[in-house]
Amino acid sequence: MAAEKDLLRFLTCGSVDDGKSTLIGRLLWDAKLLCDDQIATLEAESRRIGTQGENLDFALLLDGLQAEREQGITIDVAYRFFETATRKFIVADTPGHEQYTRNMATGASTADAAVILVDARKGILTQTRRHSFIVSLLGIRHVVVAVNKMDLVGYDREVFDGIRAAYLDFAKDLGFASITCLPISALKGDNVCAGSAAMPWFDGAPLMTLLETLDARSDAAALPFRMPVQWVCRPNLDFRGFCGTVASGRIAVGDDVVVPASGQVSQVKRIVTFDGDLDRAEAGDAVNLVLADEIDVSRGDTLAETRDRPEHADQFSAKILWMHADPMLPNRKYLIKIGTTVAGAQINRLDCRINVNTFERTAATELALNEVGVCDVAVDQAVSFDPYAVNRGTGRFILIDRYTNATVGCGMIEHALRRATNVHWHPETVDKRARAVLKGQKPCVLWFTGLSGSGKSTIANLLEQRLHALGRHTTILDGDNVRHGLNRDLGFTDADRVENIRRVGEVSKLMVDAGLITLVAFISPFRSERQMARELLGEDEFFEVFVDTPLEVCRSRDPKGLYAKAFAGQIPNFTGVGSPYEAPETPDLRLDGNAQATANAEAVVNMLREKGIL
Amino acid sequence: MIAFRDRMAREIGFELLVHINQDGVARGINPFVHGSALHTDVMKTEALKQALDHYGFDAAFGGARRDEEKSRAKERVFSFRTANHRWDPKTQRPELWDLYNTRIGQGESIRVFPLSNWTELNVWEYIAAENIPIVPLYFAKPRPVVDRGGMLIMADDDRLPLRPGEVPQMRKVRFRTLGCYPLTGAIESDAETLDDILAEMRAARTSERQGRLIDHDQAGSMEKKKQEGYF
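Residues numbered from 1 in each chain as written. Chains lettered and ligands numbered in written order. Predicted model: local features only at pLDDT ≥ 70, side-chain atom pairs only at ≥ 80, totals over all residues. Heavy atoms only, no water.

> Help me out: how do you make sense of the pairing of strand S6 (residues 169–174) of chain B in this one?
Remark: a regular strand shows side chains that alternate across the two faces of the sheet. Residue and element names in this part refer to chain B. Bridge analysis of strand S4 (residues 141–148) against S6 gives 5 bridges, and the strand direction is antiparallel. Paired with Pro142 across the two strands is Lys172, which belongs to S6. Two strands pair when backbone bridges link them, and S6 and strand S7 (residues 187–188) are joined in this way by 2 bridges, in the antiparallel orientation. Along S7, the bridge assignment pairs Arg174 with Ile187. (Pairing = 2+ DSSP bridges. Helix = DSSP H or I, 4+ residues; strand = E, 2+ residues; numbered from the N terminus.)

> Please clarify how the side chain of Arg93 of chain B should be interpreted in this entry.
Here Arg93 of chain B shows up in the loop between strand S2 (78–81) and strand S3 (109–112). No salt bridge is formed by the buried Arg93 of chain B, whose closest oppositely charged neighbour, Glu108 of chain B, lies at an N-O distance of 4.7 Å. Only 2.9 Å separates the side chain of Arg93 of chain B from the backbone oxygen of Arg103 of chain B, close enough to count as a polar contact. Apart from residues no more than four positions distant in its own chain, Arg93 of chain B is found in contact with Thr404, Asn405, Ala406 and Thr407 of chain A together with Arg76, Phe80, Asn101 and Arg103 of chain B. (Buried < 20%, exposed > 50% of the residue type's maximum accessible area, 1.4 Å probe, protein only. Lys, Arg positive; Asp, Glu negative; His and termini not counted. Salt bridge = Lys/Arg side-chain N within 4 Å of Asp/Glu carboxyl O. Polar contact = N/O pair within 3.5 Å; in protein donor to acceptor, adjacent residues only side chain to side chain. Contact = heavy atoms within 4.5 Å.)

> It is not clear to me how the state of the cysteines should be interpreted in this structure. Could you clarify?
What the rule picks out here adds up to 0 disulfides over all chains. Here Cys181 of chain A stays unpaired: no disulfide links it, and the sulfur of Cys13 of chain A, its closest cysteine neighbor, is 13 Å away. (Disulfide = S-S within 2.5 Å.)

> Please clarify how the sheet that holds strand S3 (residues 87–93) of chain A should be interpreted in this entry.
One key point about sheets: their strands pair by backbone hydrogen bonds, in either a parallel or an antiparallel sense. Residue and element names in this part refer to chain A. Strand order in the open sheet formed by 6 strands is S2-S3-S1-S4-S5-S6, and the pairing between neighbours is mixed. Edge strands, defined here as strands with exactly one partner in the open sheet, are strand S2 (78–83) and strand S6 (178–183). For this sheet, the mean inter-axis angle between neighbouring strands, taken without regard to orientation, is 20°. Two elements, strand S1 (residues 6–13) and strand S4 (residues 113–119), share 4 bridges in a ladder whose sense is parallel. Bridging across to S4, Cys13 finds its partner in Ile116. Against the sheet, helix H4 (residues 101–109) engages S1, S2 and S3, with an angle of about 165° to S1. Across the sheet, helix H6 (residues 157–170) lies against S4, strand S5 (142–148) and S6, angled at about 160° from S6, the strand it touches most. (Axes fitted to C-alpha atoms, helices over the stretch in contact; angles between N-to-C directions.)

Structure follows, in structure tokens:
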């Protein structure tokens, strides 16, 4: 396209009453960017549901969802598109309430600049600090602080100067490349598209001019070359190309590239596109790279510059913003999407939680919705990345819940962790198979899950006697017993329950390595952790046995008197009472907890025969 | 429009699957008798759901853009639908950077809108730059129309039952947007070429969906339709 105008993506942040939507409406109105039918609709709606009396309610231009219009607030991110003589703009209008922090982060993730609104009457508030923090967290480098409602403070210069000084002071550690403050009235139009007769003391440019001239060009092309491979294109035996969008840097035919996963180096032979071959390509271009050598590259690998390589590790430290109502629990398994890789991942450690309002760091065991923490992340496979602060294109990831597929968190990588790199696997000469052969059996884990009092331990004990009689080598890991030893440091919070099961999963894996048939009797209330345990073992080594006993039956049995205490409120977080039990959806075996324990043990023996274990 | 579609299928060589809600046909659902809302629901929304269920597609691509309409401005590029094809704007997944979460559960499906961040003008600039063939109805020429409440409805065959005293007039019109007949109004225009259209667009003082009758049924009508499964 000829003479393409450049594009500035910016977001506006402020709280309900700061006049954010009004400001965007005013920008579009004054710049004459509204269409006649939109104006007619706006006039009609302003009269019907507007909040500005006889005047136009510009906020109605943006609040698109019915709930938003009814409540007069912005819930979700709205995008607006406009174009002036010099530039194209995409503005993300984001909600300001603390409960919508995640929505603001979403808008910020693709923005180059942020317009932060401050109410001149109120000055710097908690929310101003929060908005600035999130803008900084998501890597936006250019900030415009629009001190709005100057008309309500008599266009007083001292008010503006005070807010300006206060903002510059608290934002000095947020890493912004530029901060521009300006006094405006979105309602009256002062310093929005034109200057302000009421504020002759202000000699800066109005907001629109600022946005048209702000140099927030993405410098992605100036960074080292990175391209996550999206697809290996192999239409026939004579062609093998690696497709993807260049995430950063430039590439030309003849350049060396490295695959960090293997360290293999090759040269770019061709850069193929739909419109023919190119000599060179840069950040943002979608290309198909043909290399000179046959090297091993798959989807998820990164092609990178040889002299300045990305980190390649399976553990890293990252700031994570949690975006889901179910809290983030360390050691729970999630899916991570980073570049074009999707893999299993967990938070090994939550270093600290960062208060988004005060920036204070405190110890924490979990992250709730809209909370930010510094975490050690472990991925099931090594991945290539750069620190987010250095390369916004390759240092970011999202976390996905494995059951609901919801996007539950987003992360900005700080640096790789070396601890895994320097601990290498010690090769074993006598292995699991050899140990099992000596015992003449197939080792496996029988994982009994069910409510307290469902009969897990009873059935497991009877089963162990049966197996022992059959000459099998067994061991049993019982929830209560393990909590007296290995796990005595753990309590019953969700975070501790996850760690409890992680340890037992690891121990049962060691037992299977030792060649034993391992009976695990743990309540193990969460699906995620049972799945984690399953994944530690081989496909035919893990059998989930659901002891399905209704809560009322368990409660009436109450062998340890725990239900009585729990229902009396004396035991918090008791499974089935104060803490949830997620029943297996497709267990390998479901036992009716009302049946005889001996019959149930026999049912497990039968299953083991069917599965070829016995 | 249909001739154009069939020709493109032939030229490009893709497999064209056509689905019509036979139940709606059997019931004689017709916008003139039943109104635009019911017609859209039965012949577009229901038909689409039937086709998606029939073929079991995981994803359906659409050309919707955020600049078209306010509820669309809030929609994700990867927009998820329940097994019943419902859209729930309150539980949309956050969509950060270009990291799209494309995972779905059993029975769920995705509506994908790759052009979300394009504007109407961008589309025309791209059509011009890449020389993309388009439906002739987008170009102005004299066509018989009737004026109904400011909407110019084309009346070049006997599908449109004329009201008493209504006589189609020849006017030079084109369509800025093409929905299903006759729910899309034409605009008066002299734009006979792509360059004319681009010039007209740059000077436009009305938005594109002005010509879409269904948007005006009730306030928030697009959001409601989308929740029910409309594309």
